[in-house]
Amino acid sequence: TQMTLRTFHFAGVASMSITQGVPRLVEVINANKNIATPVVTAPIMGASTVAAQAVKARIERVLLKEIVSDVAEVVVPGDLFLRFTLNVPLIQELQLCVTAASARTAILAFARRPMSPLRQLGDANITASSRKELHVTLPPALRGDRQMF
């Protein structure tokens, strides 16, 4: 096995931790929430602080709740939906490449996962009404006792 090969190759090297590589790789691939080594240091050679922050913004996980300024339940004749308003100044400050359209794409990708709690949401349920607003219409199965007007 790989562990046997690694043990043989590094025989006699006291400072080598042979068990660290595989579990860490599994943590990274599976995107575990509770990782044993929560800090990864990756130097960016010759980059400015602004460039480093831009790289960080592209690889860091961002939750919708962190970039939304308002969530409202909208009830109008014949329709019921949730309106999410993105916090555009915060998104710009953090140098995130997020719009309502990209947030819609990410939500739909999450909804398509096999055990996702949002798996009943489809393309027709989420619309980007503007660059900073998302409208989410709940499918009948998720509405519960809320009747349409």
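Each remark here, short or long, concerns the structure printed above.
Residues numbered from 1 in each chain as written. Predicted model: local features only at pLDDT ≥ 70, side-chain atom pairs only at ≥ 80, totals over all residues. Heavy atoms only, no water.

(A) Focus on the overall build of the chain. In terms of helices and strands, the chain carries 7 helices and 4 strands. Taken across its 149 residues, the chain has 19% of its residues classed as buried. Counting contacts in the chain only where the partners sit at least 6 residues apart, residues at least 24 apart contribute 40% of the total. Just so you have it, the chain exposes about 11,100 Å², and 60% of that area is on carbon and sulfur atoms. (Helix = DSSP H or I, 4+ residues; strand = E, 2+ residues; numbered from the N terminus. Buried < 20%, exposed > 50% of the residue type's maximum accessible area, 1.4 Å probe, protein only. Contact = heavy atoms within 4.5 Å. Areas by Shrake-Rupley, 256 points an atom, 1.4 Å probe, with all protein chains shown as cover.)

(B) Summary view of unusual backbone geometry. The phi torsion at Gln95 lies on the positive side, around 55°, for a residue other than glycine. Examined against the element boundaries, Gln95 turns out to sit in the loop between α5 (88-93) and α6 (100-111). Classification of Gln95 by relative accessible area gives partly exposed; the value is 28%.

(C) Examining the pattern of salt bridges more closely. Scanning the model with the defined rule gives 2 salt bridges in all. Close ionic contact of Asp70 with Arg83 constitutes a salt bridge, the shortest N to O distance being 3.9 Å. With Asp70 in strand β1 (residues 68-76) and Arg83 in strand β2 (residues 79-86), the pair connects residues that are 13 residues apart, well separated along the chain. (Salt bridge = Lys/Arg side-chain N within 4 Å of Asp/Glu carboxyl O.)

(D) The sheet that holds β2, seen in detail. What the 4 strands build is an open sheet, ordered β1-β2-β4-β3; its pairing is antiparallel. Two strands bound the open sheet, and with one partner strand each, they are β1 and β3 (126-128). With direction set aside, neighbouring strand axes in the sheet form an average angle of 20°. Sitting on the sheet, α6 is in contact with β2, β3 and β4 (133-136), with an inclination near 160° to β3. (Pairing = 2+ DSSP bridges. Axes fitted to C-alpha atoms, helices over the stretch in contact; angles between N-to-C directions.)

(E) Structural view of the nonpolar core. Membership of the largest hydrophobic core comes to 16 residues, with the highest contact counts inside it found for Leu86, Ile126 and Leu134. Put simply, the parts of the chain that give this core at least two residues each are β2, α6 and β4. With 5 residues, the single largest contributor to this core is α6. Aside from chain neighbours lying at most four places away, what touches Leu86 is Leu64, Ile67, Val68, Ser69, Ile91, Val98, Thr99, Ala100, Arg131 and Lys132. (Core = buried A, V, L, I, M, F, W, Y, C linked by side-chain atoms within 4.5 Å.)

(F) Just the side chain of Asn125, in detail. Along the chain, Asn125 turns up in the loop between α6 and β3. Look past the residues within four positions of Asn125 in its chain and what remains in contact with it is Gln120, His135, Val136, Thr137, Leu138 and Pro139.

(G) Layout of the environment of Lys132. Secondary-structure assignment places Lys132 in the loop between β3 and β4. C-alpha separation for the pair Lys132 and Thr85, spaced 47 residues apart in sequence, amounts to 5.8 Å. The residues contacting Lys132, other than those within four sequence positions of it, are Phe84, Thr85, Leu86, Val88 and Ala100.

By themselves, these are just geometric observations and shouldn't be taken as functional.
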